[in-house]
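Structure assessment
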Amino acid sequence: MAYKGRWVRMAQIESLAARRNPLDAILARALAGERLDESDAIALIECADGDLPRVMAAAAEMRDRAKGRDVTFSPKVFLPITNLCRDRCGYCTFRKDPGDPGAWTMTLAEVAEWSRRGREQGCIEALMCLGDKPELAFREYRDTLKSLGARGTAEYVARACATALDAGLLPHTNAGLLTRGELAMLRPLNVSMGLMLESVSPRLRARGGVHQWAPDKDPAARLKMIDEAGELRIPFTTGILIGIGDTTAERALSLLAIRASHERHGHIQEVIIQNFRAKPGLPLEDAPEPGALEMARASATARLTLGGAMNVQAPPNLSPHEIELFLAAGINDWGGISPLSRDYVNPEAPWPHLERLGERCARAGFRLKRRLAIYPEFINDKWVDPALGPALGRFSDLIAAEVQA
Ligand code: SF4
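Just so it is clear, the structure is predicted and the values come from calculations on it, not from any experiment. (Residues numbered from 1 in each chain as written. Predicted model: local features only at pLDDT ≥ 70, side-chain atom pairs only at ≥ 80, totals over all residues.)

1. A short note on the overall build of the protein chain
Looking only at helices and strands, the protein chain features 16 helices and nine strands. Taken over C-alpha atoms, the radius of gyration comes to 21 Å for the protein chain, in line with the 22 Å a tight globule of 405 residues would show. Along the first, second and third principal axes, the C-alpha atoms of the protein chain reach 75 × 50 × 40 Å. Classification of the 405 residues of the protein chain by burial places 46% in the buried group. Long-range contacts, defined here as pairs at least 24 residues apart, represent 76% of the contacts in the protein chain between residues at least 6 apart. (Helix = DSSP H or I, 4+ residues; strand = E, 2+ residues; numbered from the N terminus. Rg over C-alpha atoms; globule rule 2.2 N^0.38 Å. Buried ≥ 20, exposed ≤ 12 C-beta atoms within 10 Å, placed from the backbone. Contact = placed C-beta atoms within 7 Å.)

Structural data, given as structure tokens:
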């Protein structure tokens, strides 16, 4: 009875608080496990500065209840299989045209050598990251593929994945928009795959938008691929990119679009909250970067709308001063960190030193832990192709520790 009385009293307090401030009602409903709707999500991400500490505290509480105080990272080697790309996103310095300084398609010998060195240095994940559909734009690249004996980029990526697997790494491919057939071909070679949704905003594809010259950034096409990955039972990483001309409301709607796909298929293993970084030579070189509090708002909104079970990630190299802030906003993962290869997408942003990152996490009350490129909740027959069993078996100690944690 005493317990029931306390519950009734708590409900009364929550109801009084809700009448005083509708935001508190949203936070109370989120913590009670209710599904937030669009207006809730927009209210959270557009909360006033004075309300942000309460929003972050609720997000952190939701994270703590579901995940405890472990924060993870994936030791990875970043393999830029090709930096040729048919798209021209207004914020990208990764992409190159054939003949540009730095244009590069990795040979399988290079993939093998980098994978071997990565394994020696404790990497687990081989991140295959590349431009989108270069074969449709560049004859020179089609010739390169022919000389490498591959009929298309996806087939070449499959060979690169097999090479990384042979070297003892677990591949995770983000090759841009792929067809259903290409996803199915890559599934037995990848423990997980990914595609950033970036934004559901169709405005970004319009004249003057960052995606005007990037047909593969069509939000509907990206959502279709994310759904197809779910239908094929591929553990999947996606996320939003903020500060590229998107509004705060569009950020919230993008998170809910990811949630909708996850509700259909259950396959989203992590959601990245990534901030745009300005770089010289870009159409957006003078655009303001999103502030730390914008990132905190987006991270907390992701946690509160996607729920405690979701893995919410923020890249630590893109906001090196905000480690504690992001932890306080409810994230539980730092993504891939490499001892070997730089972040080719943001080469100006070095990875954090692991020891120092661990110390900062510890001072904030968290334990920094290694993880695989597939989260423990997906390591089962439904999500893992049988062909990957031996590769995963090499990490059985780590898997056992994750399952117990
Ligand atoms: S962000 Fe990706 S799709 Fe856009 S130009 Fe760069 S490599 Fe191509």
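2. Concerning helix α4 (residues 52-67)
Here α4 spans 22 Å end to end across 16 residues, near enough to the 22 Å set by a 1.5 Å rise per residue. Those residues of α4 that are buried are in contact with α2 (22-31), α3 (38-45), β1 (70-79), α12 (292-306) and α13 (323-328). Where α4 terminates, the next one or two residues include G68, which has phi positive at roughly 70°. (Expected span 1.5 Å × (residues − 1).)

3. Structural notes on the packing of helix α10 (residues 219-231) against helix α11 (residues 248-265)
Look at α10 against α11: their axes get within 9 Å of each other, and the N-to-C directions meet at 25°. With respect to their mutual orientation, α10 and α11 come out roughly parallel. Two packed elements cross with a definite hand, and for α10 against α11 that hand is right-handed. Judged by residue contacts, L223, I226, D227, G230 and E231 of α10 engage A257, S261, R264 and H265 from α11. Within the contact of α10 with α11, the residues separate by chemical class into three nonpolar, three polar and three charged. (Axes fitted to C-alpha atoms, helices over the stretch in contact; angles between N-to-C directions. Parallel < 35°, antiparallel > 145°, perpendicular 65-115°, else oblique. Left-handed = near helix turned anticlockwise from the far one by under 90°. Nonpolar A, V, L, I, M, F, W, Y, C, P; charged D, E, K, R; others polar.)

4. Brief notes about the pairing of strand β5 (residues 236-242)
Within β5, seven of the seven residues are buried, which leaves the element mostly enclosed by the surrounding structure. Every second residue of β5 is oriented toward a common face, with F236, T238, I240 and I242 on one face and T237, G239 and L241 on the other, all of them buried. Relative to β5, strand β4 (residues 192-194) runs parallel, the two being bridged by two bridges. In the strand pairing of β5, G194 is matched with T237. Between the parallel pair β4 and β5, the chain is carried across by α10, and the sense of this crossover is right-handed. Across seven bridges, β5 lies against strand β6 (residues 268-275) in parallel orientation. For G239, the partnering residue across the bridge sits in β6 and is I272. In this region the chain leaves β5, passes through α11 and returns to the parallel neighbour β6; the handedness of that crossover is right-handed. (Pairing = 2+ DSSP bridges. Right-handed = clockwise from strand over helix to strand, strands pointing away.)

5. Let's talk about unusual backbone geometry
What is expected of a backbone is that most residues other than glycine have negative phi and most peptide bonds are trans. Even without being glycine, K133 reaches a positive phi, approximately 45°. Tracing the backbone through its elements, the reader meets K133 in the loop between β2 (125-129) and α6 (134-137). A positive phi angle, close to 60°, is found at R233, a residue other than glycine. Note that R233 resides in the loop between α10 and β5. By C-beta crowding, R233 is classed as partly exposed, having 17 other C-beta atoms within 10 Å.

6. Let's talk about helix α8 (residues 153-166)
Here α8 is 14 residues long and its end C-alpha atoms lie 20 Å apart, about the 20 Å a rise of 1.5 Å per residue gives. For α8, the tally of buried residues reaches 10 of 14 residues, placing the bulk of the element in the interior. Taken together, the buried positions of α8 are T153, A154, Y156, V157, A158, A160, C161, T163, A164 and L165. At the C-terminal side of α8, G168 shows a positive phi close to 95°.

7. Quick notes on the nonpolar core
By size, the foremost hydrophobic cluster in this structure holds 104 residues, and its most contacted members are L79, M128, V157, A160, C161 and L169. The element that contributes the greatest number of residues to this core is α8, accounting for eight residues. (Core = buried A, V, L, I, M, F, W, Y, C linked by C-beta atoms within 7 Å.)

8. Quick word on the packing of α11 against α12
Closest axis-to-axis distance for the α11/α12 pair is 10 Å, and the angle between their directions is 35°. For the crossing formed where α11 meets α12, the hand is right-handed. Touching R251, A252, L255, L256 and R259 of α11 are A298, T301, A302, T305 and L306, all from α12.

9. Side note on the pairing of β1
Counting buried positions along β1 yields nine of 10 residues, so the element is predominantly enclosed. Pairing of β1 with strand β9 (residues 367-370) involves four bridges; the strand directions are parallel. Looking across to β9, one finds that V71 is bridged to L368. Relative to strand β8 (residues 333-337), β1 runs parallel, the two sharing three bridges. Each bridged residue has a counterpart across the sheet, and for S74 the counterpart in β8 is G336. Tracing the backbone out of β1, into helix α5 (residues 108-120) and back to the parallel element β2 gives a crossover that is right-handed.

10. Some thoughts on the environment of C161
Within the fold, C161 resides in helix α8. For the pair C161 and T173, spaced 12 residues apart in sequence, the C-alpha separation works out to 8.1 Å. For C161, the contacting residues outside a window of four places in its chain are M128, P171, T173, L186, L189 and N190.

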